[in-house]
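Now for the letters of each chain:
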Amino acid sequence: MDRFVYQSAPMRVVFGTGTLAELPAELERLSISRALVLTTPPQEKQGHDIAALLGARAAGIFSGATMHTPVDVTELAMAQVKALNADGVVAVGGGSTTGLGKAIALRTDLPQVVVPTSYAGSEMTPILGETRDGLKTTQSSPKILPETVVYDVDLTMSLPPGMTATSGMNAIAHAVEALYAREKNPIISLMAEEAIRALATALPVIVATPGDREARSGALYGAWLAGTCLGAVGMALHHKLCHTLGGTFDLPHAETHTIVLPHAMAYNAPAVPEVAARIARALGTSDAAQGLYDLARRLHAKLALKDIGMPESGIDRAADLAVTNAYWNPRPLERGAIRDLIARAFAGEAPVTVPLA
Ligand code: NAD
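Residues numbered from 1 in each chain as written. Predicted model: local features only at pLDDT ≥ 70, side-chain atom pairs only at ≥ 80, totals over all residues. Heavy atoms only, no water.

A.B. asks: Before we go on, may I ask you to explain the site of the ligand in this structure?
C.D. replies: Around the ligand, a shell composed of 22 residues is seen, among which Thr40, Gln43, Ser96, Ser118 and Thr125 lie nearest. Separating an oxygen atom of the ligand from a backbone N or O atom of glycine 95 is a distance of 2.8 Å. At 2.7 Å from a nitrogen atom of the ligand is found a side-chain nitrogen or oxygen belonging to threonine 117. Considering the ligand on its own, with 870 Å² of exposed area, one finds that the protein chains cover 82% of that surface. For the shell around the ligand, the leading source of residues is helix H4 (residues 95–108), giving 3 residues. Class assignment of the residues belonging to the shell around the ligand gives a composition of 8 nonpolar, 12 polar and 2 charged. (Near = heavy atom within 4 Å. Polar contact = N/O pair within 3.5 Å; in protein donor to acceptor, adjacent residues only side chain to side chain. Areas by Shrake-Rupley, 256 points an atom, 1.4 Å probe, with all protein chains shown as cover. Helix = DSSP H or I, 4+ residues; strand = E, 2+ residues; numbered from the N terminus. Nonpolar A, V, L, I, M, F, W, Y, C, P; charged D, E, K, R; others polar.)

Printed below as a string of structure tokens:
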């Protein structure tokens with residue numbers, strides 16, 4: 001076996017159905033007696049319900065969380081932290097709300113409890129992406145890592161099938177890239193393969209029957225594993241492409257991941273054939289890239305970047321950006337082949353595996 005380094009994150013995870021009832025006790029463990037509850041505007045009611053559950057342990061609610069963690073929104077929330085003398089945050093929602101909790105923790109070192117309601121996986125990472133004047137910068141710090149995560153399957157039942165599909169594919173992307181990461185190690189690879197298996201099994205069931213609690217449980221379990229992978233090892237071409245495309249053309253996060261993933265997999269597969277075989281096995285198929293494309297299609301997800309707002313003139317620009325600022329990838333970055341894969345993703349075509357030059 002190759003040499004490896006494995007570092008586990010100091011994080012407490014409570015997983016199950018009805019686990020929200022344990023939230024007051026989880027806050028007590030962290031000595032939080034005046035929590036600020038965070039949500040997005042559409043999830044404000046959920047925030048009020050949770051504040052009611054917390055009773056005197058809730059100091060108030062901030063329901064202004066939004067995509068890309070803009071610094072001006074964080075400053076509004078920080079004013080509330082100070083005004084209420086909050087001694088902890090409870091983030092209830094998807095990656096956007098978790099991002100706000102992390103931004104507050106970075107500035108204050110207050111303890112965070114996250115109650116995820118999507119499959120984004122941000123709750124398991126010490127990484128924060130913030131936007132200032134339209135520019136997104138990403139940083140990592142132990143202060144950013146949440147102390148406790150309470151996964152309650154009940155809270156994911158309302159995730160609409162369309163978002164379930166793309167958020168779930170976003171989670172699969174973390175696991176796929178963990179399997180060929182530079183820092184890959186046997187523990188994270190076990191988690192990654194299990195994440196892909198769990199999500200690929202559960203997502204089609206949920207899209208067909210959104211009320212299937214067992215499938216919802218399987219997807220949330222897969223999302224937890226995938227988030228752990230994202231927090232433990234570095235990502236590669238796929239995440240870089242999605243970051244570039246999302247930032248340059250303001251494309252929706254999870255949908256972009258869903259569309260790009262089969263094409264990034266096809267690009268990297270010839271460089272890591274044993275990993276591609278492992279991913280195919282987890283998907284229950286013979287070809288990893290085609291299997292990911294077929295899964296997205298089965299989930300009725302959009303398959304073309306042109307359908308989520310990317311302009312055709314952006315293909316070359318995206319290819320240029322994807323090969324500047326060198327970053328690690330299992331296959332060297334070849335501009336021509338990367339331009340071709342972006343063009344295929346733009347059009348919604350099936351992935352094409354290009355042999356190594
Ligand atoms: P999101 O948090 O923006 O949620 C999208 C919308 O869905 C929001 O309006 C939200 O309130 C709503 N929603 C969430 N759960 C719901 C539910 N169960 N029922 C009904 N509505 C629900 O989207 P996301 O995909 O969860 O997160 C994406 C963001 O997270 C991106 O900004 C991304 O950069 C970030 N992210 C960060 C990391 C990290 O490690 N820092 C990791 C993954 C994602």
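A.B. asks: Mind showing me how you'd approach the packing of aromatic side chains here?
C.D. replies: To describe a pair of aromatic rings, you give the distance between the ring centres and the angle between the ring planes. Per the counting criterion, the structure on display carries 2 aromatic pairs. When the ring of phenylalanine 15 is compared with that of tyrosine 151, the centres are 5.9 Å apart and the planes differ by 50°; the resulting orientation is tilted. Of the two residues, phenylalanine 15 is situated in strand S1 (residues 12–16) and tyrosine 151 in strand S8 (residues 148–152); the sequence distance between them amounts to 136 residues. With relative accessibility at 32%, the residue phenylalanine 15 sits in the partly exposed group. Geometrically, the ring pair formed by tyrosine 221 and tryptophan 224 is tilted, given 6.2 Å between the ring centres and 45° between the ring planes. Within this pair, tyrosine 221 and its partner tryptophan 224 are both found in helix H7 (residues 213–232), separated by 3 residues, close to a single helical turn. The partly exposed category is assigned to tyrosine 221, whose relative accessible area is 28%. A relative accessible area of 22% means that tryptophan 224 is categorised as partly exposed. Its guanidinium or amino end placed over the ring of tyrosine 267, arginine 331 lies 4.5 Å from that ring's centre, counting from NZ or CZ. (Phe/Tyr/Trp six-rings, centres within 6.5 Å; stacked < 30°, edge-to-face > 60°. Buried < 20%, exposed > 50% of the residue type's maximum accessible area, 1.4 Å probe, protein only. Lys NZ or Arg CZ within 6 Å of the ring centre and 35° of its normal.)

A.B. asks: Is there a simple way to explain a nonpolar patch on the surface in this structure?
C.D. replies: Together, Met1, Phe4, Tyr6, Ile187 and Leu190 line one region of the surface with nonpolar side chains, adding up to about 560 Å² of accessible area. By the element assignment, tyrosine 6 lies in the segment before S1. Taking the relative accessible area as the measure of exposure, tyrosine 6 reaches 35% and is therefore partly exposed. (Patch = residues over 30% accessible without salt bridge, like charges linked within 9 Å, V, L, I, M, F, W, Y side chains within 5 Å. Salt bridge = Lys/Arg side-chain N within 4 Å of Asp/Glu carboxyl O.)

A.B. asks: In this structure, what is going on with the packing of helix H10 (residues 273–283) against helix H11 (residues 288–298)? I would like to understand it.
C.D. replies: Helix-helix packing: each pair is described by the crossing angle between the helix axes and the interaxial distance. Between H10 and H11, the shortest axis-to-axis distance is 8 Å and the interhelical angle comes to 35°. In the packing of H10 onto H11, the handedness of the crossing is left-handed. For the pair formed by H10 and H11, the contact residues are Ala276, Ile279, Ala280 and Leu283 on the first element and Ala288, Gly291, Leu292 and Leu295 on the second. Looking at the contact of H10 with H11 residue by residue, the classes come out as 7 nonpolar, 1 polar and no charged. (Axes fitted to C-alpha atoms, helices over the stretch in contact; angles between N-to-C directions. Left-handed = near helix turned anticlockwise from the far one by under 90°. Contact = heavy atoms within 4.5 Å.)

A.B. asks: Any chance you could explain H10 here in plain terms?
C.D. replies: One turn of an α-helix holds 3.6 residues; hence residues three or four places apart share an orientation. All buried positions along H10 are accounted for by Val275, Ala276, Ile279, Ala280, Ala282 and Leu283. Projected down its long axis, H10 shows its buried positions confined to an angular sector of 160°, all on one face. Away from the buried face of H10 by more than 90 degrees, exposed residues Glu274 and Arg281 are located. Buried residues along H10 sit against helix H5 (161–179), helix H6 (186–208), helix H9 (253–268) and H11. (Arc of directions from axis to C-beta.)

A.B. asks: Quick question: what am I supposed to make of the environment of proline 70 here?
C.D. replies: Relative to the assigned elements, proline 70 resides in the loop between strand S3 (58–62) and helix H3 (71–84). The sequence separation of proline 70 and glutamate 130 amounts to 60 residues, and the corresponding C-alpha distance is 5.8 Å.

A.B. asks: Even after reading the chapter, I still don't get the sheet that holds S3, so can you show me in this structure?
C.D. replies: One key point about sheets: their strands pair by backbone hydrogen bonds, in either a parallel or an antiparallel sense. The 6 strands lie next to each other as S1-S8-S5-S4-S2-S3, forming an open sheet whose pairing is parallel. Only two strands of the sheet have a single partner each, and these edge strands are S1 and S3. This sheet shows a mean twist of 15° between the axes of neighbouring strands, independent of strand direction. Contacts from H3 reach strand S2 (35–38) and S3 within the one sheet, and its direction differs from that of S3 by about 160°. (Pairing = 2+ DSSP bridges.)

A.B. asks: Any chance you could explain the domain arrangement of the protein here in plain terms?
C.D. replies: In terms of domain boundaries, the protein breaks down into domain 1 (12–156) and domain 2 (161–347). Each of domain 1 and domain 2 was reduced to a C-alpha centroid, and the two centroids are 26 Å apart. Facing the 19 residues of domain 1 at the interface are 22 residues of domain 2. Counting across the interface, domain 1 meets domain 2 through 1 salt bridge. With its nearest N and O atoms 2.4 Å apart, the salt bridge here joins arginine 213 to aspartate 154. If you look at where domain 1 meets domain 2, you find 4 residue pairs in polar contact (both at pLDDT 80 or more). Broken down by secondary-structure element, the contributors of at least two residues to the side of domain 1 that touches domain 2 are S1, strand S7 (135–140) and S8. Classifying every residue of the side of domain 1 that touches domain 2 gives 9 nonpolar, 7 polar and 3 charged. (Domains from an automatic or database assignment.)

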